[in-house]
Amino acid sequence: MEQTVERIMDYPHENGFLTFTIGILFILSIYHVLLYFQHKDKLYLIYGMYAFFCIMSQLMHLKQGFLLELIKPLGKFPYYAELYAEATYIAYFFFAFRFLEVNKQFPKWTSICFKAIYMLCVICISTFGIYLFTKDYQIVNDIYYYFTLAMFLVSIVSFALFFKVKNKLKYYIIGGGLMIFLFSFASLLYYLELRENGQNIQ
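Computed from a predicted structure; not experimentally measured.

Asker: So what exactly am I meant to see when it comes to the overall build of the protein chain here?
Answerer: What the protein chain contains, in helices and strands, is nine helices and zero strands. Reading the helices (α) and strands (β) of the protein chain from amino to carboxyl end gives α-α-α-α-α-α-α-α-α. Counting over 202 residues, the protein chain shows a buried share of 38%. Of the contacts made within the protein chain by residues no fewer than 6 positions apart, 67% connect residues no fewer than 24 positions apart. Accessible area of the protein chain: about 12800 Å², with a carbon and sulfur share of 68%.

Set out below in structure tokens:
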């Protein structure tokens, strides 16, 4: 039993756990898109996009299985993990602000946060455009680290607003958001440490 748990933790990209997770995210994504068409509420569409970008950010880690065969015809498209990770953070940001209707209580600060996010969007898209022109993917990696730091700073302001907003569901967003950003930031630091030491980054 202990060896099974260790294998799941140590080799999630090869033992089927990643495929299982992608399957759940795919169901969530399709389900919320269908809810959008039924209720015409963009909140469902944003969450569907969030789940979709979560999937895209993980496809590059596939080592075997039918999913790997399915994405092969897509060429390099599934392997822009940093771009999809950035889109994931941004989609969750829009979802959280819309879900809690923060703009109704804090319009000024909402506007400031949105301007910061739009600026990050422009930077990310521009960076990807430069990559397509130069074929140098290192610039995408470099910008991703700064993006994560900038998003972390924006998150501090955002969560301060979430704590103050009068909405009974705010702790759902606060709990989920804190887990996403703290684990993402910690995993980035760990990734950099592994890469620096020449270790397996799986």
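Asker: Would you mind showing me how to read helix α7 (residues 107-134) here?
Answerer: Along an α-helix, a turn takes 3.6 residues, which lines up residues three or four apart on a common side. With 28 residues, α7 extends 40 Å from end C-alpha to end C-alpha; this agrees with the ideal 40 Å at 1.5 Å per step. Buried within α7 are the following residues: Thr110, Cys113, Ile117, Leu120, Cys121, Cys124, Thr127, Phe128 and Tyr131. Next to the buried residues of α7 lie α5 (81-100), α6 (102-105) and α8 (138-164). Trailing α7 by a residue or two, lysine 135 shows a phi angle of about 65 degrees, which is positive.

Cut-offs applied
- For every chain, the first residue of the written sequence is number 1, and numbering continues from 1 onward in sequence order.
- The predicted nature of this model means local features are confined to residues of pLDDT at least 70 and side-chain atom pairs, given and counted, to a pLDDT of 80 or more, with totals for whole chains, interfaces and linings taken over all residues.
- Note that the side-chain values use all heavy atoms of the structure and ignore hydrogens as well as water.
- Counting from the N terminus, the helices are DSSP H or I runs at least four residues long and the strands are E runs at least two residues long.
- To sort residues, take the accessible area from a 1.4 Å probe on protein chains only and compare it with the maximum for the residue type: under 20% means buried, over 50% means exposed, and anything in between is partly exposed.
- Contacts are assigned to residue pairs that have any heavy atoms within 4.5 Å of one another.
- What sets the accessible areas is the Shrake-Rupley method with a 1.4 Å probe; for residues, cover comes only from the shown protein chains.
- To estimate how far a helix should reach, multiply one less than its number of residues by 1.5 Å.

The quantities given are spatial measurements derived from coordinates; they are silent on function.
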